[in-house]
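Residues per chain, in single letters:
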Amino acid sequence: MTLTATPPQQAPPTQRRPIGSSQTSVERFRKTITYVLLIAGTAVFVIPFLWMVTTSLKTSQEVLAYPPKVLPATPRFDNYPAAWTSLPFTTFLINSIIITGLSVIGNLVSCVLPAYAFARLRARSRGALFALMVATMAIPAEVTLVPTFIMFSKLNLVNTYWPLFLPAWFGYAFFIFLLRQFFLTIPQELTDAASIDGAGHLRTLWSIFLPMSKPAIAAVAIFSFVGNWNNFLTPLIYLRTQNNFTLALGLSLFKGQYETQYNQMMAVGIISLLPILIVFFLAQRTFVEGVRLSGLGGR
Amino acid sequence: MAQAAPTLELPGRRTRRTSPLARREARAFYGFASPWILGFILFGGGPVVAALLLSFAHWSLLSTPSWAGLANYRKMFADPLFYKSIGNTVYFGAGSVVLGVVTSFLLAILLNQKVRGLGFFRTVFYLPSVVAGVATAILWINILQPDSGLINSFLRFFGIKGPGWLVDEHWAIPGLILMSVWGAGNTIVIYLAGLQGISPTLYEAALLDGAGWWDRFWHVTVPMMSPVIFFNVVTSLIASLQAYTLVLVMTEGGPNNATLMLGLYIYRQAFEYFDMGYAAALSWAMFALIGVVTALQFVLARRWVHYDA
Amino acid sequence: MQVPRTPAEKGFSRRTFLRTAGATAIAATGANALASCSSSSPTTTSLIASKLYPSADAQKLNDSFDWGKSSVADPKSSVTITVAHSWSPADFVRQQQFDYFFQKRHPNIKIVAENAGDSSADYLKKYSSQAAGGSLPDVMYNGFGFAQNFIGSGAFLALNDYISGEPNFNPSDFAEVSTGYYKRDGKQYSVPYDCGPVMIYYNKDIFAKAGVALPTAGWKFDDLRNAVLATTSGQGAGKVFGLSLPVTPVDTFWDPVRLSPLGGHYLSDDESQVLLDKPESIAAVEWWMDMYLQKGVFPSPSELQGMSQADAFALGRAAIKVDGSWGAPSLRDQAAFKWGIADWPAGPKGHSTAAVGSAYSITSKSKQQDAAWIYLNEYLSTSGQVFMFASTGKGNMTRKSAWPAYLKSDAAPEGANAIYNALNTYATSTGVVFGPATPQITNAVTPIWDQVMGKSLGVSDACKKIASTIQPLLKKNVAG
């Protein structure tokens, strides 16, 4: 595994503890405490995941054993192929990738632009529009769900993917607000400098705002990916035939009125979780580059 | 798109109030904001207007709506469960936001230390907010179990008799608040993203001034993070005032309606009682509640949020 | 001041990003087009099979039936009907097998099957939205608990004309109790497909350990009470419960099962009056609750919290479970102990139990009502019920003529004869709460009963409080 926490070249670590040799022992103590806390946290936070893993390897009887058995007598790895083939999950996976992929790209494009507008561009109605945008977050989804559904069904788009990804291409208040908060912290002088160079707003956004807001963009990408990947309510309502189902919707079919197949549900649940963890692991790598700002600010 | 031709903006003379420049900037604003503005017109506005109209109608979803005048609002103001759910919602919202925002800030700082395997630790700490809901629910139902649960067993070790989490009216919301903090991975991610924007030179300067750990935290980290803290407070308050899935899974509003949140009440009216009109009226009450709280935060933010680095 | 990396330096990753994004978008649009293409004909064109339901067996079974012919003629040209189901993933395979054979028999009727899973909350969310959007399927599943909501709003077609015009339909073949939930103003709106009576499930191991005789057909309420008290034992994690589930008004069929045999009632038969505050009703509730309040025969709220994955019976921690016969298949798959099913005992004031189930309806706006009827008629014929329910071990058929095949099969649990007997003799729909106000009633009584379970409110006071709380809600049942 590569070190994700490589110290940035611009600020060598030696520069950062200049005073006295006592710093190193303090540093070592701090490191130890950090590791202790991280390992303790890991032990706690990994429990539900481990529960998923062990449950996915149990027989139906073992799932319901009382007192609960932590581990299965023999791990049932064949729960995985059995669960995966009990429904056309490969089709569901492809559908999920398409819908989530289109939504993430849509969210990124359609949120970065308005965020820049709200952070940097002045217009008389900016404040009002921003307030309106934040206000849309306050309307509970339950009450707009059905009117939105009626609209898409009038457009004859029920049982297609359009209702699931198209809205992502038209901005999402939470992400715009998030990006705006980060864009606002970028020093005005930088923008001025860029416009002195004759850069237009798109150029400024592209060459100054985006590179400097990489962590925030990574956060938006994570949230958009996770949110769309795990979304179950909209696919439930819009997707009618099984060949169009997503992974999250297929997963919900294991939940029965009188009987829930926990082992199969968890087997597919873990497979469905892996892409999320990979995306998160890759995206969180950007959470170390902030030091670049030190070279810029120069305040 | 990246290689867009440089605009003809005149260099230098950025006298901000000249009107052609301002007009051009306003045009740029509308251009850049257009995805959201169009989206609001196409997808947001219609359903919102519909929701507003529905609050003045009787509609069972299954048949055509009929005009109800103010009946839904009259019913709402006479409904004891409406007031109860508002109280529960505010209690849960305040508790989970305060605890969640503070805890995840500390966890984010922990996950921003320069140690080996940081990516692994971050991923594990993020796990609780993405593992299957049923796994989390089963875990927490067991953790909070009054007799044999983890928390009360721990308290018993110190001779304290733990409360009836989730089954005692007075302890059900505190139990849910504890649980909500667990899934605050998204808040941590936003903090982590924010922490990258703090220039190490600020810490170096503070160190040279002889600032201790606490001073650096309080006078550098917190002010520099204020826009991000503000964002997290605003959005997690909105989210927890709307929350209902957690309650639906854990307590279904019980015991004795102690965890009946406004969101759950709206959900019930809409999809259990098929009373969309009343659900819409309740939604506007929720909108007003969130609106007031959020507006208040924006006003207060002027005192403590610093955008300039 | 230092400007960050220039676009040229930094451009690579972003350009790669754009290229990838573009490629994904193009691929996705292509795939989407494909998906929408195939969605126009997602009919079952090949015989789908699973380990549970192999294609050869399905073929053989299908060929062994005489499927008859509807008096309604097949369409002259090809039509498509959409059918909404609520199956578990495993049983949806069987459904698609049925549809495959049906289409072979009716080349001009194409079936598009939808499945929202075996969870009524999800099913309702999905299809109430479709109702609002005017896009209900042609034929749809509905359950006893919500059918009246759809019927009352005119979403379903009255089937009387189709039924009377179909000489082989034979309405008297249906267990009488199964049809009551789908009638309104003398019209029938659904054809019931399953109906199960509430029975006693007993754990043989626990009965043997306590030295208590197993339930028999002649059991009385007192025998039940004695067995419940005798099998309740132990403390904490090792506690064994006499009854696995709490006695509560949230249970919409507690009247015919628990109260009526003791002379008490919950609501009037037409669900317009609360009768729970009458002295005989309070006495009936106390008969049950005394066992809990004094002996803890069923789990308290905190004990329930310790069993989050399943009820105490499935975990092997309860001697008796009072539940519908539909629970048998999952016990067969999951129970790690010996168990059986027995008749619900007779009470001092009578012998009754509840039987509830589900049905299929034709929607009133369907443009293919004739084809829909041909499907419905064949799906819920004797052959159809054997194919879907008897041969799969699901049981609970509504047609009496479909039962022999089930009772002879290996899938029938011990005591299956008792289920058939109960269904056709003492099971009733009278007293089961299923009017449009049911969800409101349930949510209104829950908090009151929470206090009884928490021992902060007496049973008698609770019954009176329930009566005054839900009486206003019953207006919805009368008004429709």
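Everything quoted here is computed from the prediction, not taken from an experiment.

Quick notes on the rules
- Residues numbered from 1 in each chain as written.
- Chains lettered and ligands numbered in written order.
- Predicted model: local features only at pLDDT ≥ 70, side-chain atom pairs only at ≥ 80, totals over all residues.
- Heavy atoms only, no water.
- Helix = DSSP H or I, 4+ residues; strand = E, 2+ residues; numbered from the N terminus.
- Buried < 20%, exposed > 50% of the residue type's maximum accessible area, 1.4 Å probe, protein only.
- Contact = heavy atoms within 4.5 Å.
- Areas by Shrake-Rupley, 256 points an atom, 1.4 Å probe, with all protein chains shown as cover.
- Axes fitted to C-alpha atoms, helices over the stretch in contact; angles between N-to-C directions.
- Parallel < 35°, antiparallel > 145°, perpendicular 65-115°, else oblique.
- Left-handed = near helix turned anticlockwise from the far one by under 90°.
- Buried area = accessible area lost by both parts, 1.4 Å probe.
- Salt bridge = Lys/Arg side-chain N within 4 Å of Asp/Glu carboxyl O.
- Polar contact = N/O pair within 3.5 Å; in protein donor to acceptor, adjacent residues only side chain to side chain.
- Core = buried A, V, L, I, M, F, W, Y, C linked by side-chain atoms within 4.5 Å.
- UniProt positions renumbered as here; feature names shortened; annotations may be inferred.
- Nonpolar A, V, L, I, M, F, W, Y, C, P; charged D, E, K, R; others polar.
- Patch = residues over 30% accessible without salt bridge, like charges linked within 9 Å, V, L, I, M, F, W, Y side chains within 5 Å.
- Domains from an automatic or database assignment.
- pLDDT = per-residue confidence, 0-100.

A. Molecular detail of the overall build of chain C. Assigned secondary structure in chain C consists of 20 helices and eleven strands. Taking the principal axes of the C-alpha coordinates as reference, chain C spans close to 85 × 80 × 50 Å. Burial statistics for chain C: of 480 residues in total, 60% are counted as buried. Partitioning the intrachain contacts of chain C with sequence separation of at least 6 by distance along the chain shows that 76% fall at a separation of at least 24. Counting only carbon and sulfur atoms, one obtains 53% of the accessible surface of chain C, whose full area is about 18,300 Å².

B. The arrangement of the packing of helix 9 (residues 200-208) of chain B against helix 10 (residues 213-242) of chain B in detail. Residue and element names in this part refer to chain B. Running from amino to carboxyl end, helix 9 crosses helix 10 at an angle of 160°, the nearest separation of the two axes being 10 Å. Judged by the inter-axis angle, helix 9 sits roughly antiparallel to helix 10. Like other packed secondary-structure pairs, helix 9 and helix 10 cross with a definite hand, here right-handed. Mapping the contact onto sequence places L202, Y203, A206 and L207 in helix 9 and R216, V220, T221 and M224 in helix 10.

C. Representation of the interface of chain C and chain B. Opposite the 23 residues of chain C that make contact, chain B presents 26 residues. Of the roughly 2,100 Å² buried between chain C and chain B on both sides combined, carbon and sulfur atoms contribute 59%. Where chain C touches chain B, the interface holds zero salt bridges. For the pair chain C and chain B, the number of links is nine residue pairs in polar contact (both at pLDDT 80 or more). Elements that contribute at least two residues to the side of chain C that touches chain B include exactly helix 4 (120-132), helix 5 (147-152), helix 12 (301-305) and helix 18 (438-453) of chain C.

D. Molecular detail of the nonpolar core. Core analysis: the largest hydrophobic core is formed by 349 residues, its most contacted members being F183(A), Y266(C), W288(C), M289(C), I320(C), Y360(C) and W373(C). Considering every element that reaches this core, the biggest residue donor is helix 6 (residues 89-120) of chain A, with 14 residues.

E. Summary view of the UniProt feature "transmembrane region" (unreviewed entry) in chain A. Taking the numbering used here, the UniProt-annotated feature "transmembrane region" (unreviewed entry) corresponds to residues 33-53, 92-116, 128-152, 164-183, 204-226 and 262-283 of chain A. Across residues 164-183 of chain A, helical content stands at 65% and strand content at 0%; the span's end C-alpha atoms are separated by 28 Å.

F. Broad picture of the interface of chain A and chain B. Between chain A and chain B, the contact holds 107 residues from the first and 97 residues from the second. Between chain A and chain B lies a buried interface of about 9,300 Å² when both sides are counted; carbon and sulfur atoms form 77% of it. Interface area lost by chain A to chain B is led by F45(A), R122(A) and E142(A), which between them contribute 9%. Along the contact surface separating chain A from chain B lie one salt bridge. With its nearest N and O atoms 3.3 Å apart, the salt bridge here joins E25(B) to R122(A). Where chain A touches chain B, the interface holds twelve residue pairs in polar contact (both at pLDDT 80 or more). Here the element with the most residues in the side of chain A that touches chain B is helix 2 (residues 22-45) of chain A; it accounts for eleven residues. By residue class, the composition of the side of chain A that touches chain B is 73 nonpolar, 22 polar and twelve charged.

G. Region of the structure containing the UniProt feature "domain: ABC transmembrane type-1" (unreviewed entry) in chain A. With numbering matched to this structure, UniProt assigns "domain: ABC transmembrane type-1" (unreviewed entry) to residues 93-283 of chain A. Within the segment residues 93-283 of chain A, helix and strand shares are 74% and 0% respectively, and the terminal C-alpha atoms sit 21 Å apart.

H. Representation of a nonpolar patch on the surface. A contiguous nonpolar patch, built from F154(B), F157(B), F158(B) and I160(B) and spanning about 510 Å² of accessible area, is present on the exposed surface. For F157(B), the position within the fold is in helix 6 (residues 150-157).

I. Here's a closer look at the domain arrangement of chain C. Residues and elements named next belong to chain C. For chain C, the assigned domains read domain 1 (55-196 + 356-427) and domain 2 (198-354 + 431-479). For domain 1 and domain 2, the distance between their C-alpha centres works out to 30 Å. Summed over both partners, the interface of domain 1 with domain 2 comes to about 1,900 Å²; 59% of that surface belongs to carbon and sulfur atoms. Of all residues in domain 1, V356, E414 and Y426 bury the most surface against domain 2, accounting for 30% of the area lost on that side. If you look at where domain 1 meets domain 2, you find one salt bridge. Put simply, K204 and E414 hold a salt bridge, and the shortest N to O gap is 2.8 Å. Inspection of the region where domain 1 meets domain 2 yields seven residue pairs in polar contact (both at pLDDT 80 or more).

J. Highlighting the side chain of T34(A). If you trace the backbone, T34(A) turns up in helix 2. T34(A) gets classed as buried once you look at its relative accessible area, which sits at 7%. Residues contacting T34(A), with those up to four places away along its chain left out, are L110(B), Q113(B) and V115(B).

K. View of the confidence of the model for chain C. Residue and element names in this part refer to chain C. Looking at chain C as a whole, its pLDDT mean stands at 88, while 90% of the residues score no less than 70. Model confidence for chain C, summarised as mean pLDDT per element, is weakest for helix 1 (residues 7-39) at 40 and strongest for helix 9 (residues 221-231) at 97. Confidence over residues 1-41 falls short of pLDDT 50; this stretch has 37 contacts with residues more than four positions distant or in other chains. Taken over the whole predicted complex, pTM reads 0.88, whereas the ipTM for its chain interfaces reads 0.88.

L. Summary view of unusual backbone geometry. Residues G254(B) and P255(B) are joined by a peptide bond in cis, for which omega reads -5°. Its identity as a non-glycine residue notwithstanding, N256(B) has a phi of 50°, on the positive side. The phi dihedral of K455(C) is positive, around 60°, even though this residue is not glycine. You can see K455(C) is positioned in the loop between helix 18 and helix 19 (459-470).

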